[in-house]
Amino acid sequence: MIHTKKTTGDRLIDVWLAIILAGIALITLYPFWTQVVISLDGAGADSAAYSSGVILFPSELTFESYKLAFQFDALWTGYRNTIVRTVLGVALSVCLTSITAYPLAKSDLPFNRAITGFILFTMLFSGGMIPIYLLIKELNMLNTIWALVIPTAIGAFNVLIMRNFFRGIPGEVEESARVDGAGYFRIFLLIILPLSKPVLATIALWVAVGHWNAWFDSMIYVTDPDKQVLQIVLRKIIIQNNMADINSVIQNIGKTTVFSGRQLQATVVMFSIIPMLIVYPFIQKYFVKGVMIGAIKG
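Residues numbered from 1 in each chain as written. Predicted model: local features only at pLDDT ≥ 70, side-chain atom pairs only at ≥ 80, totals over all residues. Heavy atoms only, no water.

A. Looking closely at the packing of helix α4 (residues 73–104) against helix α13 (residues 230–238). Running from N to C, α4 and α13 cross one another at 145 degrees; their axes reach a closest spacing of 7 Å. Residue-level inspection shows A74, L75, G78, Y79 and T82 of α4 in contact with α13, the latter providing L230, V233 and L234. Counted by class, the contact of α4 with α13 contains 6 nonpolar, 2 polar and no charged residues. (Axes fitted to C-alpha atoms, helices over the stretch in contact; angles between N-to-C directions. Helix = DSSP H or I, 4+ residues; strand = E, 2+ residues; numbered from the N terminus. Contact = heavy atoms within 4.5 Å. Nonpolar A, V, L, I, M, F, W, Y, C, P; charged D, E, K, R; others polar.)

Printed below as a string of structure tokens:
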């Protein structure tokens, strides 16, 4: 390998790129850090200090707002429903997407182009909100978890990404398995899926983030408060500024500390972000590889 010495111009470009990337990272991370600071500041997040400039550290560190959030039942009910929705949605979506994509990866599949075109058509057109609502109502899925996971179980974009990944697997692998007497379904389960961990992890992450952050479908299809997801609880607190439930918790536990509405809002936001921050590092190595291979193959 030939190593060329960097010129002064190359070094200047590297410095500017580093500065630009550092600026993008700062712009991206600062809103998140602001929520952390506000949630931990015992001096009151509605004080004049927060309107006078950039605050990098809490003036008075306290975890009282987090202790309060732990006793907020509606928050944990939303957590439970969101976790159930996310786990069920990811399992269903990865299973159905892989089963759909694998046959489409075969060039000898009858009507392959027509089926692929039909899937692409769904990316451009849909039946609309009202017909979908009426369909879910007729299927008796209102106020059930199935109304939140079945309509989005298969995404056309995810199918195409996974199909392209499957096409990148050497055909000799399947041919040798068929010579040994394995059928398509056994090859799919024992050979294709183990080789497809990157794209499976990528699709799982996309679907998990989508279900974790989703709120609009829950607002439409679910009216029972005990079945509402976490994002609906956050919406009531942050957007609708409905602090009645939290204030009742403060009174019931006899808290004398004065909490600002902004501090409590930042705290519940942190509660919703932390699970995704914990999960992402474990599948990051698969995520990058899955996106790149699934996007360029086929």
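B. Seen up close, the confidence of the model for the protein chain. When the pLDDT values of the protein chain are averaged, the result is 80; 82% of them are 70 or greater. Within the protein chain, no element has a lower average pLDDT than helix α2 (residues 49–52), which sits at 54, and none a higher one than helix α7 (residues 146–149), at 92. Counting contacts from residues 294–298, a segment whose pLDDT is below 50, to residues more than four positions away or on other chains yields 8 contacts. (pLDDT = per-residue confidence, 0-100.)

C. Region of the structure containing the packing of aromatic side chains. Per the counting criterion, the structure on display carries 9 aromatic pairs. Considering the side-chain rings of Y133 and Y221, the 6.1 Å spacing of their centres and the 20 degrees angle between planes classify their relative orientation as stacked. You can see Y133 sitting in helix α6 (residues 129–138) and its partner Y221 sitting in helix α12 (residues 216–221), a full 88 residues away along the chain. We classify Y221 as buried; its relative accessible area is 9%. One aromatic cluster is present, formed by W76, Y79, W212 and F271 through successive ring pairs. (Phe/Tyr/Trp six-rings, centres within 6.5 Å; stacked < 30°, edge-to-face > 60°. Buried < 20%, exposed > 50% of the residue type's maximum accessible area, 1.4 Å probe, protein only.)

D. Region of interest: unusual backbone geometry. The backbone of F111 shows a phi angle near 60 degrees, a positive value even though the residue is not glycine. Of note, F111 is situated in the loop between α4 and α5 (112–124). Even without being a glycine, N143 presents a positive backbone phi close to 65 degrees. Residue placement: N143 occurs in the loop between α6 and α7.

E. Helix α1 (residues 8–40), seen in detail. Taking 1.5 Å per residue, 33 residues should reach 48 Å; α1 reaches 46 Å between its end C-alpha atoms and fits that length. Of all bends in α1, the biggest is about 35 degrees, found at Y30, and the proline P31 comes one to four residues later. Turning to α1, its buried residues are T34, V36, V37, I38, S39 and L40. (Expected span 1.5 Å × (residues − 1). Bend = angle between axes of the 7 residues up to and from the residue.)

F. Region of the structure containing the nonpolar core. Counting residues in hydrophobic clusters, the biggest one holds 26 residues, and the most contacted among them are M162, F166, I192, V199 and I203. Taken together, the elements giving at least two residues each to this core come down to α4, α8 (156–167), α10 (184–195) and α11 (197–213). With residues up to four places along the chain from it excluded, the contact list for I203 reads V94, N158, I161 and M162. V36, L234, V268 and M270 belong to the second largest nonpolar core, which has 16 residues in total. (Core = buried A, V, L, I, M, F, W, Y, C linked by side-chain atoms within 4.5 Å.)

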